[in-house]
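Listed below, chain by chain, are the residues.
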Number of protein chains: 2
Amino acid sequence: MEIALDISGHTQLISLIGKPTGHSKSPVTHTLSFKKCGVDAVYLAFDIEPENLPDVLNAMRAMKRWAGSNVTMPCKQAVIPYLDGLSAGAELIGAVNVIEKTEDGKLIGHNSDGMGFMENLRKQGVQVEGATMTLVGPGGAGSAVLVQAALDGVAKLNVFARGGGKSYKHAEGLIAKVREATNCDVTLHALEDLDDMKACIAESSILANATNVGMGEDCTDTPVPAEFLRSDLAVADCIYLPLYTQLLQDAQAVGAKAITGIGMMNEQAAVGEKIWFGIDMPVDEINAELNG
Amino acid sequence: MEIALDISGHTQLISLIGKPTGHSKSPVTHTLSFKKCGVDAVYLAFDIEPENLPDVLNAMRAMKRWAGSNVTMPCKQAVIPYLDGLSAGAELIGAVNVIEKTEDGKLIGHNSDGMGFMENLRKQGVQVEGATMTLVGPGGAGSAVLVQAALDGVAKLNVFARGGGKSYKHAEGLIAKVREATNCDVTLHALEDLDDMKACIAESSILANATNVGMGEDCTDTPVPAEFLRSDLAVADCIYLPLYTQLLQDAQAVGAKAITGIGMMNEQAAVGEKIWFGIDMPVDEINAELNG
């Protein structure tokens with residue numbers, strides 16, 4: 001899609017670094033949004049190896065008008081030692097996907113995955129502060145949701161992980177850190193204990209899926225039995241393909257609020273633009289233009 | 001001026017590095033040219049300090065789709081130790097303003113100032129190979145013209161510098177290197193010796209001015225007395241403001257070919273695009289669109 005850009009000596013750069021990045025839709029999405037918001041900037045994607053991160057970050061510090069970056073695989077953890085600071089969320093999660101460049105050229109790492117998920121909940125009218133939430137699957141995206149939910153004031157968080165596995169061990173460590181850093185009452189449960197899951201969901205107003213169960217067209221698997229759902233529950237999925245997973249279809253069937261993963265992805269992109277330029281990304285307008 | 005760009009994950013970057021760079025017209029000029037030539041690339045300008053060059057060049061090596069650069073003050077000499085190689089011209093001149101990135105990520109320095117000047121002469125129908133040329137002012141731009149004229153097959157080159165000054169000393173050293181590296185018969189003369197200048201111009205088919213004498217609107221100064229000019233001489237100026245300097249007005253008055261500095265500047269830009277992408281910059285079309 002062509003975007004009419006007024007390129008000049010003052011045009012700024014926001015980068016995506018990682019590998020591979022060529023397939024990314026972020027360059028067109030963000031460049032279009034910058035244009036709509038009146039920000040004179042272009043977003044470009046660069047493949048790099050993790051061992052090049054020190055040079056790339058030093059160049060980012062040194063080059064005026066290179067105003068920030070996104071970070072993707074395999075650099076999200078590797079980038080941390082070379083940054084000048086981390087947001088509370090990025091530090092707890094142990095992964096960075098947004099780099100903020102401060103006025104004095106310092107680079108601060110953020111993680112917008114969890115922020116995007118929580119922001120999307122709020123935009124969908126879900127009460128987050130003081131809520132009780134059940135989260136299934138504290139892996140990559142799930143870790144970010146777990147941390148941000150606790151930081152954003154969720155009062156009680158029931159986390160379900162496959163019992164005895166690596167993911168369970170990782171969740172144990174993460175939850176210990178989150179309990180120390182926040183006031184959230186986080187507890188870990190085994191995914192296999194369905195009675196426990198039923199009880200946890202019964203006391204929750206929010207149910208979030210961050211496993212990949214349900215991913216893929218025509219997949220009818222679900223991480224949570226349909227009979228645990230009820231009409232006053234907000235059910236949110238991190239999966240966006242299909243848009244309406246079996247879990248969300250089950251939620252709709254009982255009259256619950258069903259929140260697709262696309263909103264998380266959109267809000268995650270918006271978090272970056274807020275950090276780099278303080279702008280409110282016109283997410284719906286951008287999507288309509290890109291897909292319409 | 002707005003340019004409709006199809007930004008994607010595959011869009012490449014060409015940079016300008018130096019300080020200051022914000023005023024540069026290169027971003028719009030080259031980005032428009034890339035678009036017209038079907039090259040998926042954007043040209044952006046970044047202010048940097050010379051001490052940041054090692055980091056910036058290492059990032060350029062490491063980042064796929066960062067495909068090359070221009071270099072401006074104060075980095076044109078400072079960049080040399082950090083490059084992987086130099087063109088013959090850049091090595092003799094001792095200054096780099098174009099960085100080529102090879103397939104395997106090596107960075108090669110070029111100097112397009114002299115190349116642009118000589119290419120412009122050829123485009124204006126001037127016979128360069130085997131010619132005798134008189135050059136006035138072997139300073140920054142003049143050094144580049146001197147070296148490239150010798151490399152491009154000028155047979156005899158009479159160089160005039162202000163006697164006894166720093167510039168004269170510098171020219172002496174440069175000419176010794178050029179005599180060794182090429183077959184050109186280069187000799188140095190004092191600008192103050194007008195009889196010598198008259199004799200040198202009399203044997204020349206090309207007269208080039210690389211001093212700043214004549215620069216500025218309404219300036220009537222000239223580095224060469226009008227009576228030394230004749231109709232079968234090609235007179236070229238590195239100055240482009242005014243477009244027709246007093247020297248060029250005097251040349252036109254005797255029916256000589258008068259070649260303005262704007263052509264050198266345009267061809268210098270075209271040399272960069274040839275090096276980065278192998279394309280022929282549509283110089284006239286670009287200028288018409290930018291100024292029209």
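What counts, and at which threshold
- Residues numbered from 1 in each chain as written.
- Chains lettered and ligands numbered in written order.
- Predicted model: local features only at pLDDT ≥ 70, side-chain atom pairs only at ≥ 80, totals over all residues.
- Heavy atoms only, no water.
- Helix = DSSP H or I, 4+ residues; strand = E, 2+ residues; numbered from the N terminus.
- Rg over C-alpha atoms; globule rule 2.2 N^0.38 Å.
- Buried < 20%, exposed > 50% of the residue type's maximum accessible area, 1.4 Å probe, protein only.
- Contact = heavy atoms within 4.5 Å.
- Core = buried A, V, L, I, M, F, W, Y, C linked by side-chain atoms within 4.5 Å.
- Pairing = 2+ DSSP bridges.
- Right-handed = clockwise from strand over helix to strand, strands pointing away.
- Salt bridge = Lys/Arg side-chain N within 4 Å of Asp/Glu carboxyl O.
- Polar contact = N/O pair within 3.5 Å; in protein donor to acceptor, adjacent residues only side chain to side chain.
- Nonpolar A, V, L, I, M, F, W, Y, C, P; charged D, E, K, R; others polar.
- Expected span 1.5 Å × (residues − 1).
- Axes fitted to C-alpha atoms, helices over the stretch in contact; angles between N-to-C directions.
- Left-handed = near helix turned anticlockwise from the far one by under 90°.

Draft legend 1. Focus on the overall build of chain A. Of regular secondary structure, chain A possesses 10 helices and 13 strands. At 19 Å, chain A has a C-alpha radius of gyration in line with the 19 Å of a compact globule built from 292 residues. Dimensions along the principal axes, computed over C-alpha positions, put chain A at roughly 60 × 40 × 30 Å. Split into buried and exposed, the 292 residues of chain A put 55% on the buried side. The contacts of chain A with a sequence gap of at least 6 include a subset with a gap of at least 24, amounting to 69%.

Draft legend 2. A look at the nonpolar core. Counting 56 residues, the largest nonpolar core has Trp66 and Ile99 of chain A together with Trp66 and Ile99 of chain B as its most contacted members. Those residues in contact with tryptophan 66 of chain A that sit more than four places away from it in its chain are Leu13, Ser15, Val56, Ala59, Met60 and Lys101 of chain A together with Phe46 and Met63 of chain B.

Draft legend 3. Looking closely at unusual backbone geometry. For the bond from lysine 19 of chain A to proline 20 of chain A, the omega torsion is 0 degrees, close enough to zero to count as cis. Of note, proline 20 of chain A is situated in the loop between strand S2 (12–18) and helix H1 (26–36). In this chain, leucine 241 of chain B is followed by proline 242 of chain B through a cis amide linkage whose omega measures 5 degrees. Tracing the sequence through the fold places proline 242 of chain B in the loop between strand S12 (234–237) and helix H8 (246–253). Residues other than glycine seldom take positive phi values, yet aspartate 218 of chain A does so here, at roughly 65 degrees.

Draft legend 4. Broad picture of the pairing of strand S3 (residues 41–47) of chain A. All names here are of chain A. A large share of S3 lies buried, amounting to seven of its seven residues. Where S2 and S3 come together, seven bridges link them in parallel fashion. When the bridges of S3 are listed, glutamine 12 appears paired with alanine 41. In this fold, S2 hands off to H1, which returns the chain to S3; that crossover is right-handed.

Draft legend 5. Focus on the interface of chain A and chain B. Taken together, the contact pairs 37 residues of chain A with 37 residues of chain B. One can count four salt bridges joining chain A with chain B. One salt bridge in this structure joins lysine 35 of chain A and glutamate 2 of chain B, with 2.9 Å as the shortest N-O distance. On the surface where chain A and chain B come into contact, there are 16 residue pairs in polar contact (both at pLDDT 80 or more). Broken down by secondary-structure element, the contributors of at least two residues to the side of chain A that touches chain B are strand S1 (3–5), S2, H1, S3 and helix H2 (53–62) of chain A. Broken down by element, the side of chain A that touches chain B gets its largest block of residues, six residues, from S3 of chain A. Across the side of chain A that touches chain B, the residue classes tally to 19 nonpolar, 11 polar and seven charged. Where S1 of chain A lies against strand S1 (residues 3–5) of chain B, three bridges are found, and the strand directions are antiparallel. For leucine 5 of chain A, the partnering residue across the bridge sits in S1 of chain B and is isoleucine 3 of chain B.

Draft legend 6. Molecular detail of helix H5 (residues 140–151) of chain B. Residue and element names in this part refer to chain B. The end-to-end C-alpha separation of H5 is 17 Å, in line with the 16 Å expected for 12 residues at 1.5 Å each. With nine of its 12 residues buried, H5 lies for the most part within the structure. Listed as buried for H5 are Gly142, Ser143, Ala144, Val145, Leu146, Val147, Gln148, Ala149 and Ala150. Two residues or fewer past H5, glycine 153 is found with a positive phi of approximately 100 degrees.

Draft legend 7. The arrangement of helix H4 (residues 112–123) of chain B in detail. All names here are of chain B. A rise of 1.5 Å per residue sets the reference length of H4, with its 12 residues, at 16 Å; its end C-alpha atoms lie 16 Å apart and thus fit the reference within 8%. Between the side-chain oxygen at the start of H4 and the backbone nitrogen of aspartate 113 there is a gap of 2.9 Å, and the oxygen is on asparagine 111. Positive phi appears at glycine 125, one or two residues downstream of H4, with a value of about 85 degrees.

Draft legend 8. Just the packing of helix H4 (residues 112–123) of chain A against helix H9 (residues 261–277) of chain A, in detail. All names here are of chain A. Running from N to C, H4 and H9 point in directions that differ by 115 degrees, and their axes come no closer than 7 Å. In this structure, H4 crosses over H9, and the sense of that crossing is right-handed. Contact with H4, carried on its side by Ser112, Asp113, Met115, Gly116, Phe117, Glu119, Asn120 and Lys123, involves Gly263, Met264, Glu267, Gln268 and Val271 of H9 and no other residues of that element. Looking at the contact of H4 with H9, its residues break down into four nonpolar, five polar and four charged.

Draft legend 9. Seen up close, the sheet that holds strand S8 (residues 132–136) of chain B. Residues and elements named next belong to chain B. Read from one edge to the other, the open sheet built from six strands follows the order S10-S9-S8-S11-S12-S13, with strand pairing classed as parallel. Where the open sheet ends on each side, the last strands, each with one partner, are strand S10 (185–190) and strand S13 (257–259). On average, adjacent strands in this sheet sit at an angle of 15 degrees to one another, irrespective of strand direction. Across five bridges, S8 lies against strand S9 (residues 156–161) in parallel orientation.

Draft legend 10. Spatial organisation of the side chain of serine 24 of chain B. Structurally, serine 24 of chain B is set in the loop between strand S2 (12–18) and helix H1 (26–36). Within the structure, the side chain of serine 24 of chain B is placed 2.9 Å from the backbone nitrogen of serine 26 of chain B, a separation counted as a polar contact.

These results come straight from atomic positions and should not be treated as a statement about function.
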